[in-house]
Amino acid sequence: MSKIQDKMFLEIRNKDIFNQAQQYAFDYIENVFERNVFPTQEALNNLSIFDEELPVDSTNAKSVIEQLNKYGSPATTATLGGKYFGFVCGSAVPVGLAAKNLGTYWDQAPAMNVLSPIGSKLESVVEKWLIDLFNLPKQSSAGFVSGTSTANLCGLAAARYRILERNNWDINKNGLRNAPQIRIVTGKQSHSTVLKAIGILGLGTESIEWVDVDNQGRIITELIPELDENTILILQAGNVNSGAFDDFEKICERAKKTNTWVHIDGAFGLWAEAVNDLKYLTKGINNATSWAVDGHKTLNTPYDCGIILCSDQEAMTSALHMSGSYIVESTERDGMFYTPEMSRRARIIELWSIMKYLGKNGIDEMILTMHQRAKQFAEEIGKIRGFYVENDIVFNQVIVRCDNDKITEQVLNNIQMLRECWLGGSMWYGKKVMRVSICSWATTKNDITKSVKSFEKALELEITNANNV
Ligand SMILES: *Cc1c(COP(=O)(O)O)cnc(C)c1O
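Reading the values: rules and limits
Residues numbered from 1 in each chain as written. Predicted model: local features only at pLDDT ≥ 70, side-chain atom pairs only at ≥ 80, totals over all residues. Heavy atoms only, no water. UniProt positions renumbered as here; feature names shortened; annotations may be inferred. Pairing = 2+ DSSP bridges. Helix = DSSP H or I, 4+ residues; strand = E, 2+ residues; numbered from the N terminus. Contact = heavy atoms within 4.5 Å. Axes fitted to C-alpha atoms, helices over the stretch in contact; angles between N-to-C directions. Domains from an automatic or database assignment. Near = heavy atom within 4 Å. Polar contact = N/O pair within 3.5 Å; in protein donor to acceptor, adjacent residues only side chain to side chain. Areas by Shrake-Rupley, 256 points an atom, 1.4 Å probe, with all protein chains shown as cover. Nonpolar A, V, L, I, M, F, W, Y, C, P; charged D, E, K, R; others polar. Left-handed = near helix turned anticlockwise from the far one by under 90°. Disulfide = S-S within 2.5 Å. Buried < 20%, exposed > 50% of the residue type's maximum accessible area, 1.4 Å probe, protein only. Salt bridge = Lys/Arg side-chain N within 4 Å of Asp/Glu carboxyl O. Expected span 1.5 Å × (residues − 1). Core = buried A, V, L, I, M, F, W, Y, C linked by side-chain atoms within 4.5 Å. Phe/Tyr/Trp six-rings, centres within 6.5 Å; stacked < 30°, edge-to-face > 60°. Lys NZ or Arg CZ within 6 Å of the ring centre and 35° of its normal.

Looking at an unreviewed UniProt entry, one finds the protein named Aspartate aminotransferase family protein, with Allotamlana fucoidanivorans as its source organism. According to its UniProt record, the protein has this under Cofactor (unreviewed entry): "pyridoxal 5'-phosphate".

Here's what the structure looks like:
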């Protein structure tokens, strides 16, 4: 045995580093709900400890874990807690963390059934659960990818395959050169990852037929141009700023008549379909063709967990096809036919655990609570002079601004500096705004009230500073 093998077998036998890491993890989750949401300046400065050359000799494993904990842990953002409102993030349901921990030791890659029977089984089961939960056509398939960026790419790749195939053009063989034209229609507030996918797929953002949106960011149904079967229409369930939903019922019905491929970017919003009081928002999505959604946002799975669902299985697997003499196809599910990757981690373990744990009612309750906290936030902040809520609170997003751009920007800086909660900024119809996304199972009424107080403090600081100038 080589020296490095000796060393590693010893680490497996005595389990010291595993126990050590476990203890650090427990200390972390115990404090993450109370600590400063953004790392302190000291923690950020200390990150310079990682700037070193690759060690020449093998290091002590214990010291590796120690360094990671001592300098890494304080430099995390507390996205797991209840007062992180940045981007659209989501916490992690505890059972998902525990399952991920176990799955870490399994280290499975569900590319093929023979490579991971358990991974393949869980993917088949969750595929059915999702189709049922979102009320999608029974024949739909699911691919388990890293996030909605990739899910959008897969959905649009399937659309590209199908539209060209209808025109007797095999994209896999012939490429895009001299290919028949594909039309792309989408709203002016489509997510940047949709545009990225259009770029990667060689469809070109210049070819997009943009449709105007209303004051909530919804595509204006009446302005959608004539559709046909050479068109991909991209809709949105959950505008990244306002949380607004396109009018799927009217639009998808119309698209169905013209055999138009409808792709829905539902990164966080598709989950409205799983909530009795909110499913009016997603009415009609079952008439679309592909749907992209995240686990790691609204459902609160750990990162990275995205899903592409598609009712045209042949288009999806043809678009993401792969072959090789050593590929072992089985009668069970081979996950790689539904994703761009061959090897990937078995993220399905966490997704399955969380869905099994919550059940339909648990999912409903968890997401409805996020919506209620968003309404609470809007109500409490709206009562404070100098803050204005800019959107209708239909889901989990709240857009807030102050009297002018300069004050909004300064107040946002102050909130971030206070570190009691965290959120980012955006532009909304020409004005600087603050974006509050309530996306964590852990956000309590008290967290909202405390965070609103932090907003108030930040505004007072700005007023004091302005008076002192
Ligand atoms: C977050 C988000 C994406 C991108 O999803 P990732 O999981 O970050 O890749 C796409 N569309 C919308 C509407 C989003 O909110």
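A. The arrangement of the sheet that holds strand E8 (residues 388-389) in detail. One open sheet holds the four strands; their spatial order is E8-E9-E11-E10, and the pairing between them is antiparallel. The open sheet is flanked by E8 and strand E10 (424-428), the only strands paired with a single partner. Note: E10 against strand E11 (residues 431-437), five bridges, orientation antiparallel. Pairing of Met-427 across the sheet is with Lys-432, part of E11. Strands strand E9 (397-401), E10 and E11 of the sheet are contacted by helix H13 (residues 405-418), whose axis makes an angle of about 35° with E11.

B. Highlighting the domain arrangement of the protein. Domain annotation for the protein reports domain 1 (3-78) and domain 2 (99-354). Here the C-alpha centroids of domain 1 and domain 2 sit 36 Å apart.

C. Quick look at the site of the ligand. Taken together, 13 residues lie around the ligand, and Ser-149, Asp-265, Asp-294, His-296 and Lys-297 are the ones closest in. One of the side-chain N or O atoms of His-191 is found 3.4 Å from a nitrogen atom in the ligand. The side chain of Asp-294 places a nitrogen or oxygen atom 2.7 Å from an oxygen atom of the ligand. Look at the ligand: alone it shows 380 Å² of surface, and the protein chains cover 85% of it. Counted by class, the shell around the ligand contains three nonpolar, seven polar and three charged residues.

D. Structural view of the packing of helix H5 (residues 94-106) against helix H12 (residues 348-382). Here H5 crosses H12 at 145°, and the two axes come no closer than 8 Å. Every pair of crossing elements has a handedness; the one defined by H5 and H12 is right-handed. Residue-level inspection shows Val-95, Gly-96, Ala-99, Lys-100, Gly-103 and Trp-106 of H5 in contact with H12, the latter providing Ile-349, Glu-350, Ser-353, Ile-354 and Tyr-357. Each residue belonging to the contact of H5 with H12 can be placed in one class, and the counts come to six nonpolar, three polar and two charged.

E. Main features of the state of the cysteines. Under the criterion given, the structure shown has zero disulfides. Free of any disulfide, Cys-252 has its nearest cysteine sulfur in Cys-310, 14 Å distant. Sulfur of Cys-421: no disulfide; nearest cysteine sulfur belongs to Cys-402 and is 13 Å away. The buried category is assigned to Cys-421, whose relative accessible area is 0%.

F. Quick look at the pattern of salt bridges. Applying the stated rule across the entire model yields 22 salt bridges. We note a salt bridge from Asp-247 to Lys-250, for which the minimum N-O separation is 3.6 Å. You can call Asp-247 partly exposed: its relative accessible area is 27%. Given the relative accessible area of 53%, Lys-250 is considered exposed. When salt bridges with common partners are traced through the structure, they connect Glu-123, Glu-127, Arg-333 and Arg-344 into a single cluster.

G. Fine view of the sheet that holds strand E1 (residues 141-145). Spatially, E1-E7-E6-E5-E4-E2-E3 is the arrangement adopted by the seven strands of the open sheet, whose pairing is mixed. Sheet topology places E1 and strand E3 (208-211) at the edges, where each strand pairs with a single neighbour. On average, each strand axis in the sheet is inclined to that of its neighbour by 20°, with strand direction left out of account. With five bridges joining them, strand E6 (residues 290-294) and strand E7 (residues 306-310) adopt antiparallel strand pairing. Along E7, the bridge assignment pairs Ser-290 with Cys-310. Contacting E1 and E7, helix H6 (residues 117-133) crosses the sheet at an angle of about 115° to E1. Here helix H7 (residues 148-166) sits on the sheet and contacts E1, strand E4 (231-236), strand E5 (261-265), E6 and E7; the angle it forms with E5, its principal contact strand, is near 180°.

H. Up close: helix H14 (residues 445-468). In this model H14 runs 35 Å from its N-terminal to its C-terminal C-alpha over 24 residues, within 8% of the 34 Å that 1.5 Å per residue would give. Along H14, the positions that sit buried rather than exposed are Asp-447, Ile-448, Ser-451, Val-452, Ser-454, Phe-455, Ala-458, Leu-459 and Glu-462. Close packing links the buried residues of H14 with H12, H13 and E11.

I. Region of interest: the UniProt feature "modified residue: N6-(pyridoxal phosphate)lysine" (unreviewed entry) in the protein. Here the UniProt feature "modified residue: N6-(pyridoxal phosphate)lysine" (unreviewed entry) sits at Lys-297. Turning to its location among the elements, Lys-297 is positioned in the loop between E6 and E7. With a relative accessible area of 15%, Lys-297 lands in the buried category. Setting aside its immediate chain neighbours within four residues, Lys-297 contacts Val-88, Cys-89, Gly-90, Ala-267, Phe-268 and Cys-439.

J. Up close: the side chain of Asn-300. Inspection of the secondary structure assignment puts Asn-300 in the loop between E6 and E7. Asn-300 sits in the buried class, given a relative accessible area of 0%. Side-chain polar atoms of Asn-300 contact the backbone oxygen of Cys-439, separated by 2.8 Å. When sequence neighbours within four positions are dropped, the list of residues in contact with Asn-300 reads Gly-90, Ser-91, Ala-92, Val-93, Gly-295, Ile-354, Met-366, Met-370, Cys-439, Ser-440 and Trp-441.

K. Looking closely at the nonpolar core. By size, the foremost hydrophobic cluster in this structure holds 82 residues, and its most contacted members are Ile-264, Leu-309, Phe-377, Phe-387, Met-434 and Phe-455. Residue contributions to this core peak at 15 residues, all from H12. Non-local contacts of Phe-455, meaning those with residues more than four positions away in its chain, are made with Phe-377, Ile-381, Phe-387, Val-411, Ile-415, Cys-421, Leu-423, Met-434 and Val-436. Counting residues in each nonpolar core, the second largest holds 35 residues, with Ala-158, Tyr-161, Ile-232 and Ile-234 among its members.

L. Quick peek at the packing of aromatic side chains. Under the definition given, this model contains 12 aromatic pairs. Taking the centre distance of 6.0 Å and the plane angle of 20° together, the rings of Phe-38 and Trp-422 count as stacked. Of the two residues, Phe-38 sits in the loop between helix H2 (16-31) and helix H3 (41-46) while Trp-422 sits in the loop between H13 and E10, which places them 384 residues apart along the sequence. On the numbers, 4.8 Å between centres and 90° between planes, the contact of Trp-428 with Tyr-429 is edge-to-face. Given a relative accessible area of 4%, Trp-428 falls into the buried group. Each member of the aromatic cluster is reached from another via a ring pair, and the members are Phe-38, Tyr-84, Phe-87 and Trp-422. Positioned over the ring face of Tyr-338 is Arg-333, at 4.3 Å from the centre of the ring.

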